[in-house]
Amino acid sequence: MASKINDSSRPLTSVSRLSSQDARTTDAKSRNRPLAFKDGFESSGSTRPAPGQLPRLPAPPPILGLPAPTTPTPAPTTPVPPEAPTEPPVSVDSDPMTHIEYLASDALQGRDSPSAGLDAASVYVQAHAEKYGLVGPNINNPENPFQQKFNVYSWLGADKAGEAAGAAHAGHAEHKQFGHTMFQEGFYLDEKMPKDTLKKLNQQYEQTMKAAGQSVVPARAGKQRSVEELKQVAAATGQAVNTMAMLPGTGPHKDEVIVVMAHLDHVGVDRKGNPYNGADDNASGSAVLMAAVPELAEAAKNGKLDRSVLFIWTGAEEKGLVGSQYFVDHPIPGLELKNIAGVINTDMVGRWDDQRLSVVDTNTKGQPNYFRDVVDQANQQLADPFDRINRDINVYRDRQDGASFGRKGEDVLFLFEGLSNPEGGGDLIPEYHRQDDDIDKIIEDNGGNKPRRVKDLLLNVINIAANRTTEPQQQPK
């Protein structure tokens with residue numbers, strides 16, 4: 001792990017941004033207009049993987065809430081050639097609602113892991129990152145270094161366990177509480193799997209079969225089944241993907257990395273093919289990361305980003321934190337745990353009013369970690385700070401992607417707002433893992449200002465973490 005650091009009084013890097021305060025002046029009727037989507041592939045002009053590797057993509061989302069022109073444009077007296085397409089303004093790319101509208105569209109069919117919809121979302125994210133000069137860091141996948149692919153498995157007979165739990169829809173059990181434990185509904189298998197992960201998977205197999213009333217195949221030797229033995233009692237369901245992009249730092253600590261992540265996947269479609277769009281879970285968190293890219297890229301361009309920032313949009317989180325665990329278990333050169341100097345995970349940050357947010361900023365022992373003071377400092381640097389930063393959801397610390405890093409001793413911050421009590425805690429949003437988790441619910445709750453304000457807070461947190469001063473290393477005596 002990267003060297004641990006003390007809190008610093010170094011002022012926040014100043015970056016120009018479209019603030020949420022400005023966003024709240026947007027005409028309410030414009031914010032709440034009906035949304036529409038088009039089908040079919042349209043090229044954005046960004047660098048893409050080779051032809052034949054791409055899923056068929058829906059068109060880019062329409063731009064939200066653009067003001068009407070103040071004066072009519074006079075009709076030309078003679079025919080003129082059409083203008084060449086222009087890039088949308090940065091303010092559009094910096095608005096999370098732009099990306100939520102696309103990621104939560106019917107065309108992506110619920111972004112299951114694996115699915116063509118998740119692949120399409122990955123391509124969309126990659127094109128956005130490339131547009132702002134971010135690079136693909138996965139040198140283990142030279143075909144496309146923005147992606148880390150892995151096979152997803154399920155246990156033979158596990159469908160009966162889902163039926164016993166009360167299946168919400170095909171292949172996915174109903175959830176009474178937020179999140180997943182590691183490998184709860186799916187997992188990966190390969191020969192490079194670390195011993196502790198293999199041990200956990202053996203335990204998960206036994207628990208799942210017991211819940212399904214199925215017999216357990218004993219290990220051939222010893223107490224633990226090998227990877228090959230587990231493959232005999234599992235079914236491969238396809239290939240999922242982690243999408244990642246690196247924004248290199250420009251300072252003396254550029255070899256240290258702040259990981260910023262959100263799960264890109266959701267739970268797919270029902271038996272009739274109707275999508276679970278997952279606007280809040282987790283198009284909202286994924287979109288907040290995307291919206292932060294333009295302003296952080298500008299800070300790096302101006303030499304105001306010391307450490308590097310690695311964005312990861314994970315796959316198969318809804319299966320049981322599979323994508324994040326795969327990343328931790330399969331180090332990418334230069335991105336090993338020793339290089340990581342903090343992890344921020346963003347999940348379900350679209351709903352309720354825009355003056356509240358819940359966080360988890362504790363370690364596995366329940367003690368405050370480095371991010372406790374950072375969040376408070378970052379909040380106070382907002383033009384309009386959140387009224388309430390709730391810290392009573394530690395029960396979910398191990399049920400989100402950050403847990404894959406927390407178990408390895410990393411400082412993790414979890415930004416989350418999926419619970420009903422305005423003072424923190426309470427029940428999950430009624431729409432959790434239902435087909436009415438759609439963008440209109442976010443608009444009804446706060447007009448889109450909640451994800452915009454979370455993005456502003458995230459930018460402040462990243463800037464503080466990336467530009468903090470390090471604690472001097474102890475010299476051996």
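Going by an unreviewed UniProt entry, the chain carries the name M28 family peptidase and comes from Corallococcus exiguus.

This part covers the packing of helix H4 (residues 96–103) against helix H14 (residues 439–446). Put simply, H4 and H14 touch, their axes get as near as 10 Å, and they point 150° apart. In terms of their interaxial angle, H4 and H14 are classed as roughly antiparallel. Between H4 and H14, the contacting residues are Met-97, Ile-100 and Glu-101 on the first element and Ile-439, Ile-442 and Ile-443 on the second. Split by residue class, the contact of H4 with H14 holds five nonpolar, no polar and one charged.

As a further point, take the pattern of salt bridges. Here the structure, examined in full by the defined rule, presents 19 salt bridges. A salt bridge links Arg-434 to Asp-436, with the nearest nitrogen and oxygen atoms 2.7 Å apart. Look at Asp-436 and you get partly exposed, because its relative accessible area is 27%. Overlapping salt bridges bring together Asp-361, Arg-372, Asp-376 and Arg-391 as one network.

The next thing to look at is the packing of aromatic side chains. In the structure shown here, the tally under the stated rule is 12 aromatic pairs. Centre to centre, the rings of Tyr-370 and Phe-371 are 5.4 Å apart; their planes meet at 65°, and the pair counts as edge-to-face. Phe-371 carries the same exposure label as Tyr-370, and that label is buried. Taken together, the aromatic side chains of Phe-150, Phe-183, Tyr-188 and Tyr-326 make up a single cluster linked through ring pairs. Over the ring of Trp-352 we find Arg-351, and its NZ or CZ is 5.5 Å from the ring centre. A cation sits over an aromatic face here: Arg-468 above Tyr-370, 4.1 Å from the ring centre.

Looking now at the side chain of Glu-417. Within the element layout of this structure, Glu-417 appears in the loop between strand E10 (412–416) and H14. In this view, Glu-417 contacts Asp-280, Asp-347, Met-348, Val-349, Arg-351, Trp-352, Arg-356, Leu-357, Ser-358 and Lys-450; residues no more than four positions away in its chain are not counted.

Criteria and cut-off values
- Residues numbered from 1 in each chain as written.
- Predicted model: local features only at pLDDT ≥ 70, side-chain atom pairs only at ≥ 80, totals over all residues.
- Heavy atoms only, no water.
- Axes fitted to C-alpha atoms, helices over the stretch in contact; angles between N-to-C directions.
- Helix = DSSP H or I, 4+ residues; strand = E, 2+ residues; numbered from the N terminus.
- Parallel < 35°, antiparallel > 145°, perpendicular 65-115°, else oblique.
- Contact = heavy atoms within 4.5 Å.
- Nonpolar A, V, L, I, M, F, W, Y, C, P; charged D, E, K, R; others polar.
- Salt bridge = Lys/Arg side-chain N within 4 Å of Asp/Glu carboxyl O.
- Buried < 20%, exposed > 50% of the residue type's maximum accessible area, 1.4 Å probe, protein only.
- Phe/Tyr/Trp six-rings, centres within 6.5 Å; stacked < 30°, edge-to-face > 60°.
- Lys NZ or Arg CZ within 6 Å of the ring centre and 35° of its normal.

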